[in-house]
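# Fold and geometry: a report
These are the residues of each chain, in order.
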Amino acid sequence: MESIVHRTAEVNGIKMHVAEKGEGPVVLFLHGFPELWYSWRHQILALSSLGYRAVAPDLRGYGDTEAPPSITSYTIFHLVGDVVALIDSLGVDKVFLVAHDWGAIIGWLLCMFRPDRIKAYVCLSVPFRPYIARDPKLRPVDAFRAAYGDDYYVSRFQEPGKMEAEMEQVGIPYVFKNILTSRQTGPPILPKGEYGTGFNPNTPDTLPSWLSEEDLAYYVTKFQKTGFTGGLNYYRNLDVNWELLAPWTGVGISNVPVKFITGDVDLVYTSPGVKDYIHGYFKQDVPNLEEVVVQEGVGHFNNQEAAQDVSNHIYEFIKKYFIRSHM
């Protein structure tokens, strides 16, 4: 990892930490919760060796990027605005986009708002709908209450400091080991009243082969410094985002070619209704969806768990559009 260059970019009123390697067309990677640029370490090395400039920031509120104190500084407009400004700072008009989890949500909105900046999009885990669509009859707060109960969504996630305190009580090393190694399918539901066993009631004593002690230590060290508030503030703006996205109700992703990759035991893919959507109406909302890849036996963090396979899929997809642009 010593060959990866680290720098700070001034974007959208904050200082953003950026990791990058290589020369050539830019491939921009956006991480999810609770992750960092480091989640893309394998893809950075792989794509940079194949003639691309791989760029991965710590998103707003994460790692070595600034974390504004106000919850209202984490709306989807702030998050997408950060990425547009980052692209500007790279000195290019367009990038190949690769994103996972919350990064995927930002990626979908980036494709909706600024398709002129995206050559092609490889999305991991989180499809375009129903997660970011604006249902005129159901606000996110009501959907979460129906699925998880009022205590889970309103008190534990929306109340500043509540979930952070529960995570701190069990310790950051446990939180990461618990989340990253989870094989539990379906939506994560934490035990009522405490973080407890978190997302994974069967946390293993040893790490899986794809996650080393060194990897775990990197995450732990960074989050011991920053805490989880920045990332949790993304969730605390779900209702605000619902309101802000009203002008785009019913608008799909029509101007960007897309490839979607997920694992068959991903907690999103196995949540009620999602699998049917991905293999059904997804193509209607994203007409330029060219391929859906379902990785057998792979969980939510597929960019790390099945790193080489994901890197190969990214390369095979984006090289088509690189070749076309030079024909």
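Residues numbered from 1 in each chain as written. Predicted model: local features only at pLDDT ≥ 70, side-chain atom pairs only at ≥ 80, totals over all residues. Heavy atoms only, no water.

Taking an unreviewed UniProt entry as the reference, the chain is identified by name as soluble epoxide hydrolase belonging to Crotalaria pallida. Turning to the chain, the UniProt annotation filed under Sequence similarities (unreviewed entry) states: "Belongs to the AB hydrolase superfamily. Epoxide hydrolase family." (UniProt positions renumbered as here; feature names shortened; annotations may be inferred.)

### Description of the overall build of the chain
For the chain, the helix and strand inventory stands at 14 helices and 8 strands. Buried residues in the chain amount to 56% of all 327 residues. Considering only contacts within the chain whose residues lie at least 6 apart along the sequence, 77% involve residues at least 24 apart. (Helix = DSSP H or I, 4+ residues; strand = E, 2+ residues; numbered from the N terminus. Buried < 20%, exposed > 50% of the residue type's maximum accessible area, 1.4 Å probe, protein only. Contact = heavy atoms within 4.5 Å.)

### Here we look at the packing of aromatic side chains
Applying the stated rule across the entire model yields 26 aromatic pairs. Measuring from ring centre to ring centre gives 5.5 Å for Tyr 277 and Phe 282, while their planes differ by 35°; the resulting arrangement is tilted. Here Phe 282 falls in the buried class, since its relative accessible area comes to 0%. Arranged with centres 5.4 Å apart and planes meeting at 65°, the rings of Phe 317 and Tyr 321 form a pair that is edge-to-face. One end of the pair, Phe 317, and the other, Tyr 321, are both in helix α14 (residues 307-325), 4 residues apart, so they sit about a helical turn from each other. (Phe/Tyr/Trp six-rings, centres within 6.5 Å; stacked < 30°, edge-to-face > 60°.)

### A short note on helix α3 (residues 102-113)
A rise of 1.5 Å per residue sets the reference length of α3, with its 12 residues, at 16 Å; its end C-alpha atoms lie 17 Å apart and thus fit the reference within 8%. Taken together, the buried positions of α3 are occupied by Trp 102, Gly 103, Ala 104, Ile 105, Ile 106, Gly 107, Trp 108, Leu 109, Leu 110, Cys 111, Met 112 and Phe 113. (Expected span 1.5 Å × (residues − 1).)

### Here we look at the side chain of Arg 41
Here Arg 41 is to be found in helix α1 (residues 41-48). There is a polar contact of 3.0 Å between the side chain of Arg 41 and the side chain of Gln 304. Not counting residues within four places of it along the chain, the set of residues in contact with Arg 41 comprises Met 1, Trp 210, Leu 211, Asp 215, Tyr 219 and Gln 304. (Polar contact = N/O pair within 3.5 Å; in protein donor to acceptor, adjacent residues only side chain to side chain.)

### A short note on the pattern of salt bridges
In total, this model carries 14 salt bridges according to the counting rule given. Its salt-bridge partner being Asp 64, residue Lys 225 comes within 2.7 Å of it at the nearest N-O pair. Of this pair, Lys 225 sits in helix α8 (residues 213-226) while Asp 64 sits in the loop between β4 (53-57) and α2 (76-89), placing them 161 residues apart in sequence. By relative accessible area, which is 33% here, Asp 64 ends up partly exposed. The salt bridge partner of Arg 183 is Glu 305, with a shortest N-O separation of 2.7 Å. With Arg 183 in the loop between α7 (172-180) and α8 and Glu 305 in helix α13 (residues 302-305), this pair connects stretches of sequence that are 122 residues apart. Look at Arg 183 and you get partly exposed, because its relative accessible area is 40%. One network of salt bridges, with partners in common, ties together Arg 7, Glu 20 and Arg 53. (Salt bridge = Lys/Arg side-chain N within 4 Å of Asp/Glu carboxyl O.)

### As for the state of the cysteines
What the rule picks out here adds up to 0 disulfides. Looking at Cys 111, it has no disulfide partner, and the nearest cysteine sulfur is the one in Cys 123, 8.7 Å off. The buried category is assigned to Cys 111, whose relative accessible area is 3%. Judged by its relative accessible area of 0%, Cys 123 is buried. (Disulfide = S-S within 2.5 Å.)

### A closer look at helix α6 (residues 162-170)
Along α6, the positions that sit buried rather than exposed are Met 163, Glu 164, Glu 166 and Met 167. Viewed end-on, α6 has its buried residues packed into an arc of 165°, placing them on one side of the element. Counted as exposed and oriented over 90 degrees from the buried face of α6: Glu 168 and Gln 169. In the stretch just after α6, Gly 171 is the one whose phi turns positive, near 100°. (Arc of directions from axis to C-beta.)

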